[in-house]
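# Examining the three-dimensional arrangement
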Amino acid sequence: MFDTVLIANRGEIAVRVIRTLHRLGIRAVAVHSTADAHARHVREADTAIALRPGGPADGYLDIEQIVEAALRSGAQAVHPGYGFLSENPLFARAVTDAGLAFVGPPASAIQLMGDKIRAKDTVQANGVPVVPGSSGSELTNDQLAEAARMVGLPVLLKPSAGGGGKGMRLVRDPAVLHEEIAAARREALGAFGDDTLLVERWIDRPRHIEIQVLADTHGNVVHLGERECSLQRRHQKIVEEAPSVLLDDDTRAAMGAAAVEAARSCGYVGAGTVEFIVSADRPDEYFFMEMNTRLQVEHPVTEMVTGLDLVDWQIRIAAGEALTFSQEQVGFDGHAVEVRLYAEDPARGFLPSGGRVLTLREPVGEGIRVDSGLVEGYEVGSTYDPMLAKVIAHGPDRETALRRLRSALDRTRVHGVTLNAGFLRRLLEDSDVVAGRLDTGLVEARLTSLVDAPMPDEIALVAALAAESAREPAHRDPHAWVDPFSVPSGWRIGGPAWTTHRFLDSDSEPIEIRVRRTPLGPAPYEISRDGAEAEPADLRTDGAGGMLLTWNGTVQRLDHTLETTANGEVVHWLSRDADTWRLRTFDPAVAAGTGSVAAGGALTAPMPGTVTLVKAAVGDVVTAGQTILVVEAMKMEHALTAPFDGVVAELRAAPGATVAMDETLAVVAPASGAATSEEAARCRPSPHPPINPLDGRNSSCSGPCTASASASAFALARDRGPHVEPPAQ
């Protein structure tokens, strides 16, 4: 057995591998990029080695650096995790060439199964059923089209070299077949550097079911049952479970035997997964799709129903040990379901999110497991995969596992970074999901209802009451005399005044909540939303990090975290059950600071990321829809376009700049009031232009521009929120 193992990965999988290594008494060595210097896997490893910046993916894809780090650390083996270099045959070969053990299959098996065409031909020769489709590689567009016609539409075009849904295209109309083939080739070339395609028959209402296998170096190969992975969005798995409700015992045994043959056909060693596509209408009709030559993200559900630690067995097999159990000794207990928590915002079309983790509470309880790479204070950036954690629930049956998982999501709290937890919670409540009527198109078909989560009234009320209570002196002696004029209670002759708090939720209109103290009323406060009738309310802490809102005859518990961003913006993070809302304090004076911003010409970053391209300059005349900047995050590009015809009045970011979500990057002024290019260059305001209180002019302006917007800002400065109103006369 090894005494030191290096993990060539990051995030939750690195933390998960470290957990097993420590249980085995093995020293764990981590590697990290500059951005990950304070990450959880670095903290939990026995030794952490910094990777030199500037390499591929900041070092995590740098084979030479990883091998060098392993040798420096004294490791005898390298665990690749998943993603990054885990399925790179050059990496596996470099590790073994350096005299180290690779915790995974031999490079030859990785290379064979990484080529979908060769993999399909190989397993078919060993009796494994494959999806009807094209055969051979380097087919021309005409040959691919002919293969599609032979198979019969609809067909799926797939890149031979890739995965993750990139470059895949479903074609139902023969009129667009050639066009789709050309497009799929371009996507495959851009994503994988190889435009080789294959054609497969499309199976309507398909279910994605995979079989876990273990193979040692002594010729033993077993399967550990199946995982159902049919709940996907854009070909990416988001919910996985074991076992599948679709399979009966005979089909399960037959698919398991086929998976074992697929593993034997390529000389596989270690933990691997053979993926099949299964017809929802004909579960006994299953076809090989591909083999993943690594540990899978969803491996915990197999561990929870079999009682086996797959990382433990990966290590033992890499050390030369033989499996100590036969196929007949593999048992299954109960049901397990897993969801993936992503740093993404479903309400914004699943754009990547990011930020600093301000509050973190991960669920615990019977049958609950969390694999996470998160710690409070960690900065979630835009460089790496957005998956941050997985929540898994086990129970004696599927109904119990689902119920426990829904409850666990309700108790998951991450403030500072927007996650998809609420979206997943609604998916787990879907009637077809509960009944087990799954297919790979279900999520897309229900997307609108799953994303739609209107903000309850109490969310903004808690933000307003929290903001109001924060204005009052803390830890005041209730028996001591207090100067009433030093307390921001809104006291006036004739009754307390209202204080107005304004918030923005995403791109909505400002929410206006009025609050006032009522010392003699039925509750400490009165509240009114958008001019509605005043109602009594109270807000208290529950002693466990939560807030208790008393309002409308009920007491509700919510979680609240206050954030002040780098640019001074105050943000309230509020959670109820699995949903979290991010309310930004709205200041009308700042909003009116520039006329163009008030007119809707501000281009804000839809996600935290990096500006990769700036295609305009200050003073340029632009047309509606014209791209001004491009922001990239987590390999996703988003173009910011002019909302109307006009002139670029401001540019606040340059290529390479790191930007925060909702940060204003450019401002387009309407064409009707546009200055000339020279005047716009002289008169563009700074982000916080100094105001001359005598005439309201922007003192940074040396040109002939008017100062109406600046004057408005100066006039509104008296009303900066929170705004205290005089008593009614």
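Residues numbered from 1 in each chain as written. Predicted model: local features only at pLDDT ≥ 70, side-chain atom pairs only at ≥ 80, totals over all residues. Heavy atoms only, no water.

### Quick word on the pattern of salt bridges
This model, assessed by the stated rule, comprises 56 salt bridges. The partner of Glu 298 in a salt bridge is Arg 340, and the shortest N-O contact between them spans 2.9 Å. Here Glu 298, found in the loop between strand 13 (286–292) and helix 10 (299–306), pairs with Arg 340, found in strand 14 (residues 335–342); they are 42 residues apart in sequence, far enough to count as distant. The exposure class of Arg 340 is buried, given its relative accessible area of 7%. Salt-bridge contacts for Asp 345 lead to Arg 348; the nearest nitrogen and oxygen are separated by 3.8 Å. A relative accessible area of 13% means that Asp 345 is categorised as buried. Relative accessible area serves as the criterion here: at 16%, Arg 348 is assigned to the buried category. When salt bridges with common partners are traced through the structure, they connect Glu 12, Arg 16, Arg 19, Arg 23, Glu 303, Asp 309, Asp 312, Arg 316, Glu 321, Arg 369, Asp 371 and Lys 390 into a single cluster. (Salt bridge = Lys/Arg side-chain N within 4 Å of Asp/Glu carboxyl O. Helix = DSSP H or I, 4+ residues; strand = E, 2+ residues; numbered from the N terminus. Buried < 20%, exposed > 50% of the residue type's maximum accessible area, 1.4 Å probe, protein only.)

### Observations regarding the environment of Ser 372
Among the structural elements, Ser 372 can be located in strand 19 (residues 368–372). Distance in space between the C-alpha atoms of Ser 372 and Leu 388 is 6.3 Å, their sequence separation being 16 residues. Once residues lying within four places of it in the same chain are set aside, the contact partners of Ser 372 are Glu 12, Val 15, Arg 40, Glu 362, Leu 388 and Ala 389. (Contact = heavy atoms within 4.5 Å.)

### Re the sheet that holds strand 10 (residues 221–233)
Spatial ordering of the open sheet is given by 13-12-9-10-11-14-21-19, a layout of eight strands whose pairing is antiparallel. Sheet topology places strand 13 and strand 19 at the edges, where each strand pairs with a single neighbour. Looking at each pair of strands side by side, their axes are set apart by 25 degrees on average, direction ignored. Where helix 11 (residues 310–318) meets the sheet, it contacts strand 9 (206–215), strand 10 and strand 12 (270–279), and its direction lies at approximately 45 degrees from that of strand 9. (Pairing = 2+ DSSP bridges. Axes fitted to C-alpha atoms, helices over the stretch in contact; angles between N-to-C directions.)

### Quick notes on the pairing of strand 28 (residues 554–564)
Across six bridges, strand 27 (residues 546–551) lies against strand 28 in antiparallel orientation. Bridge pairing in strand 28 places Leu 549 opposite Gln 556. Where strand 27 folds back onto strand 28 in an antiparallel hairpin, the turn is made up of two residues, including Asn 552, whose phi is positive at roughly 55 degrees. For strand 28 and strand 29 (residues 570–576), the ladder comprises six bridges, and the chain directions are antiparallel. Paired with Thr 561 across the strands is Trp 573, a residue of strand 29. Taken together, strand 28 and the strand that follows it, strand 29, pair antiparallel across an intervening segment of five residues, in which Gly 568 is found at a positive phi of about 90 degrees.

### Some points on empty space enclosed by the protein
As enumerated under the stated definition, the model contains two cavities of 30 Å³ or more in all. Within this model, the largest cavity holds a volume of roughly 50 Å³. Looking at the largest cavity, the residues that line it are Leu 341, Leu 360, Glu 362, Val 370, Leu 374, Ala 389, Val 391, Thr 412, Val 414 and Leu 419. A class-by-class count of the residues in the lining of the largest cavity yields eight nonpolar, one polar and one charged. There is about 30 Å³ of room inside the second largest cavity. Taken together, Pro 80, Gly 81, Ser 86, Val 103, Gly 104, Pro 105, Ala 271, Thr 293, Arg 294, Leu 295 and Gln 314 make up the lining of the second largest cavity. (1 Å grid on protein atoms, 1.4 Å probe; cavity = no way out; pocket = protein on both sides within 12 Å on 5 of 7 lines; lining within 4 Å. Points joined across faces, edges and corners; volume = space filled by probe spheres on them. Nonpolar A, V, L, I, M, F, W, Y, C, P; charged D, E, K, R; others polar.)

### A few points about the packing of aromatic side chains
The tally for this structure, following the rule as stated, stands at seven aromatic pairs. Centre to centre, the rings of Tyr 60 and Phe 84 are 5.1 Å apart; their planes meet at 25 degrees, and the pair counts as stacked. With Tyr 60 in the loop between strand 3 (47–50) and helix 3 (63–73) and Phe 84 in the loop between strand 4 (77–79) and helix 4 (89–97), this residue pair connects regions lying 24 residues apart in the sequence. Residue classification places Phe 84 among the partly exposed positions, given a relative accessible area of 30%. (Phe/Tyr/Trp six-rings, centres within 6.5 Å; stacked < 30°, edge-to-face > 60°.)

### Brief notes about helix 13 (residues 421–429)
Helix 13 sits mainly inside the fold: eight of its nine residues count as buried. All buried positions along helix 13 are accounted for by Ala 421, Gly 422, Phe 423, Leu 424, Arg 425, Arg 426, Leu 427 and Leu 428.

### Brief notes about the pairing of strand 13
Judged by how many residues are buried, strand 13 sits mostly within the fold: seven of seven residues are covered. Across six bridges, the pairing between strand 12 and strand 13 is antiparallel. The residue bridging Glu 275 from the neighbouring strand is Glu 290, located in strand 13. Linking strand 12 back to strand 13 in an antiparallel pair, the connection comprises six residues.

### Let's talk about unusual backbone geometry
Put simply, Leu 153 and Pro 154 share a cis peptide bond, and its omega is 5 degrees. Within the fold, Pro 154 resides in the loop between helix 7 (141–151) and strand 6 (155–159). Cis geometry marks the peptide bond from Ala 242 to Pro 243; its omega dihedral reads -5 degrees. Of note in this structure, Arg 234 is not a glycine but carries a positive phi near 55 degrees. Within the secondary structure, Arg 234 sits in the loop between strand 10 and strand 11 (236–242). The residue His 235 is not glycine, and still its phi comes out positive at about 70 degrees. With respect to the helices, strands and loops of the structure, His 235 is situated in the loop between strand 10 and strand 11. On the basis of relative accessibility, which here comes to 40%, the residue His 235 falls in the partly exposed class.

### What to know about the nonpolar core
Counting 74 residues, the largest nonpolar core has Leu 214, Val 239, Phe 325 and Leu 427 as the members making the most contacts within it. Ignoring anything within four residues of it in the chain, the contact list for Leu 427 reads Leu 231, Ile 238, Val 239, Val 433, Leu 442, Val 443 and Leu 450. Core analysis: the second largest hydrophobic core is formed by 28 residues, Val 123, Val 130, Val 213 and Met 255 among them. (Core = buried A, V, L, I, M, F, W, Y, C linked by side-chain atoms within 4.5 Å.)

### What to know about the sheet that holds strand 36 (residues 646–651)
Spatially, four strands are ordered 31-38-36-33 in an open sheet, and the strand pairing comes out antiparallel. Two strands in the sheet have a free side with no partner beyond their single neighbour: strand 31 (602–604) and strand 33 (621–622). Bridging between strand 31 and strand 38 (residues 664–670) involves three bridges; their strand directions are antiparallel. Counterpart to Leu 603 in the pairing with strand 38 is Ala 666.

### As for the environment of Ala 109
One can find Ala 109 in helix 5 (residues 107–114). Residue classification places Ala 109 among the buried positions, given a relative accessible area of 0%. Between the C-alpha atoms of Ala 109 and Met 291, which are 182 residues apart in sequence, the distance is 9.9 Å. If near-sequence neighbours (up to four positions away) are discounted, Ala 109 is found in contact with Cys 266, Gly 267, Tyr 268 and Thr 293.

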